[in-house]
Amino acid sequence: QVLLVESGGGLVQAGGSLRLSCAASGRTFSSAAMGWFRQAPGKEREFVAGLTWRGGTTLYADSVKGRFTISRDNAKNTVYLQMNSLKPEDTAVYYCAAGKNIIVIPTTTQHVASWGQGTQVTVSS
């Protein structure tokens, strides 16, 4: 099992940027497709972005396409989520997720093998 620890959340004004990091340990990190999800108060956890084990294929939710960028550094066992042009509706707890294999990007909670503890992102208007 992959152990995941997120960092980089915080409070930012609308239009600002944040970079989330997810440090992984345990099961070989480079053998897992990875993703980011988020959960706002009173809402279900939703997919934000994901990529395959080498980062060759990426997927984004329509709501963040063009504003967020997911990447990974397998040498550092870390996945990143660069968030630009943030909006108040991006406010949520963001979770890092490890997929169940190297190819299938986790886009639903059923595809996730391991979760991080989450990091809060708050965007003020």
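Here the structure is a predicted model, which means the values were calculated and not measured. (Residues numbered from 1 in each chain as written. Predicted model: local features only at pLDDT ≥ 70, side-chain atom pairs only at ≥ 80, totals over all residues. Heavy atoms only, no water.)

Participant: Would you take a moment to explain the pairing of strand S4 (residues 34–39) for this structure?
Facilitator: On a regular strand, one side chain projects to one face of the sheet and the next to the other, so that they alternate. Within S4, 5 of the 6 residues are buried, which leaves the element mostly enclosed by the surrounding structure. Judged from the 5 bridges that link them, S4 and strand S5 (residues 46–51) form a sheet pairing that is antiparallel. If you follow methionine 34 over to S5, its bridge partner there is leucine 51. Bridge count for S4 against strand S9 (residues 92–99) is 6 bridges, and the pairing is antiparallel. Looking across to S9, one finds that glutamine 39 is bridged to valine 93. (Buried < 20%, exposed > 50% of the residue type's maximum accessible area, 1.4 Å probe, protein only. Helix = DSSP H or I, 4+ residues; strand = E, 2+ residues; numbered from the N terminus. Pairing = 2+ DSSP bridges.)

Participant: Looking at this model, I keep getting lost on the pattern of salt bridges. Mind explaining?
Facilitator: Should the charged atoms of two oppositely charged side chains come close, the side chains can pair. Going through the model one piece at a time under the given rule, you end up with 4 salt bridges. A salt bridge links arginine 38 to aspartate 90, with the shortest nitrogen-to-oxygen separation between them at 2.9 Å. With arginine 38 in strand S4 and aspartate 90 in the loop between strand S8 (78–83) and S9, this residue pair connects regions lying 52 residues apart in the sequence. You can call arginine 38 buried: its relative accessible area is 6%. What makes aspartate 90 buried here is its relative accessible area of 0%. Ionic contacts of the salt-bridge type, sharing partners, join the residues Arg38, Glu46, Arg67 and Asp90 into one network. (Salt bridge = Lys/Arg side-chain N within 4 Å of Asp/Glu carboxyl O.)

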